[in-house]
Amino acid sequence: MDDSARPQPGPGSDPDEPSLATPPAPALPEPAAPPIEPPAPPADPPRHTRRWVLAGALAILAGGGAGVGAGFLRHRPRQHRPPATPPDVLVAAAEAERRLIADLVATTGGTASVRIVIEQATVNHRAHLAALAALLGRYGPPATTVSRVPGAPRTRAQLRAAEQAAAKAAAERAGRRPGREAVLLASIAACEASHAELFS
Amino acid sequence: MSALVDAWQAALAAEHQAVFGYGLLGPRAGTDAALAAAGQSAHEHLRDATGAALLAAHVTPVPPAADYPALYPVADQAAARRLALRLEDGCAAAWRFLFLQAAGRAGLRRAAQDNLTASAVRGVQWRRLVDPQHPATAFPGL
């Protein structure tokens, strides 16, 4: 709204002209002196009969029972809903991370600079696996127990090839998932490509 | 559609900044001059390709800023390395965001994924010079 359109009293306005602001309150009459009367006797306190107490207790019990019933009805369908099946793409991504970790852990040799990359890559893959496990957890508990993946010592070239293959697979999986899952897989793919670069 | 275009323009803006930043750090790159030149060339190509793709989609590409004061100063080689890493991290984040917004547009999504990966790879080349004990980050662009 444009306030400039409103008439505003200003320093140049006529003091005799009535203001458009709130008009002055009319003068209040002087309060009359209160009549001197004796105070009224206090009313009788309400009597709580046994019947009233019983009715109150029943009302409280009925209200509590209704609340418990409503809560039960609200939670009951959730308990019986079967857990959704996790997408194969996410399960495969988690499995790929386990395999990469197992091989990196089994590879105990290498120069100091390669060891740094192996340790860093292992930390990164564990972070990927944790993020994927969090996503998979939204679909309910796993149907089968995750078996331990056996790893094998690898050469630097083999580790590089494994990271390259993992990056390609993760990028392909990212294209098949929506939203947060796709973004996580895309970021994992980029990380694995960067590991391949470090192993080169 | 608007969120997609915003993300696309943000990716182009990140590329504009990277081109400017590489120009700024190049003279201080010292022994990393070849790496800096490769980075500059890659971002120039991406900037041009992204602008052309936006035009092809009937969208006017955002122009570069006149200056990028946040990128100054680049006093020495160490500062040049840190700036290059910052530029790559910024580009990775921009391309990741476009990847998120480009759901349903397979070609654009693939390009965003490729560019996110390319920035992550250039990022580790700089990160291993800046922080040799922690050369890689688990979630590039996040």
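**Some thoughts on the nonpolar core**
Phase 1: Ranked by internal contacts, the top residues of the largest apolar core, which has 68 residues, are A:Ala170, A:Leu185, A:Ala186, A:Ala189, B:Trp95, B:Leu98 and B:Phe99.
Phase 2: For this core, the secondary structure elements donating two or more residues are helix 2 (88-106), helix 3 (112-137), helix 4 (156-174) and helix 5 (179-198) of chain A together with helix 1 (2-25), helix 3 (77-101) and helix 4 (106-130) of chain B.
Phase 3: Considering every element that reaches this core, the biggest residue donor is helix 3 of chain B, with 13 residues.

**Observations concerning the packing of helix 1 of chain B against helix 3 of chain B**
Describing two packed helices takes the angle between their axes plus the distance from one axis to the other.
All names here are of chain B.
Phase 1: At a minimum axis distance of 9 Å, the contact between helix 1 and helix 3 shows a crossing angle of 165°. With respect to each other, helix 1 and helix 3 are oriented roughly antiparallel. Seen along the crossing, helix 1 lies across helix 3 with a hand that is left-handed.
Phase 2: Tallied by class, the residues present in the contact of helix 1 with helix 3 amount to 19 nonpolar, 4 polar and 1 charged.

**What about the interface of chain B and chain A?**
Phase 1: Taken together, the 28 residues of chain B in the interface contact 23 residues of chain A.
Phase 2: Elements that contribute at least two residues to the side of chain B that touches chain A include exactly helix 3 and helix 4 of chain B.
Phase 3: Take the side of chain B that touches chain A: its biggest share by element is 12 residues, from helix 4 of chain B.
Phase 4: Its residues assigned to classes, the side of chain B that touches chain A comprises 16 nonpolar, 8 polar and 4 charged.

**Quick look at helix 2 (residues 33-56) of chain B**
All names here are of chain B.
Phase 1: Taking 1.5 Å as the rise per residue, helix 2 with 24 residues should run 34 Å; its terminal C-alpha atoms sit 34 Å apart, in good agreement.
Phase 2: Where the residues of helix 2 are buried, they touch helix 1, helix 3 and helix 4.
Phase 3: Positive phi appears at His 58, one or two residues downstream of helix 2, with a value of about 65°.

Here is what the cut-offs are and how they apply
Residues numbered from 1 in each chain as written. Chains lettered and ligands numbered in written order. Predicted model: local features only at pLDDT ≥ 70, side-chain atom pairs only at ≥ 80, totals over all residues. Core = buried A, V, L, I, M, F, W, Y, C linked by C-beta atoms within 7 Å. Buried ≥ 20, exposed ≤ 12 C-beta atoms within 10 Å, placed from the backbone. Helix = DSSP H or I, 4+ residues; strand = E, 2+ residues; numbered from the N terminus. Axes fitted to C-alpha atoms, helices over the stretch in contact; angles between N-to-C directions. Parallel < 35°, antiparallel > 145°, perpendicular 65-115°, else oblique. Left-handed = near helix turned anticlockwise from the far one by under 90°. Nonpolar A, V, L, I, M, F, W, Y, C, P; charged D, E, K, R; others polar. Contact = placed C-beta atoms within 7 Å. Expected span 1.5 Å × (residues − 1).

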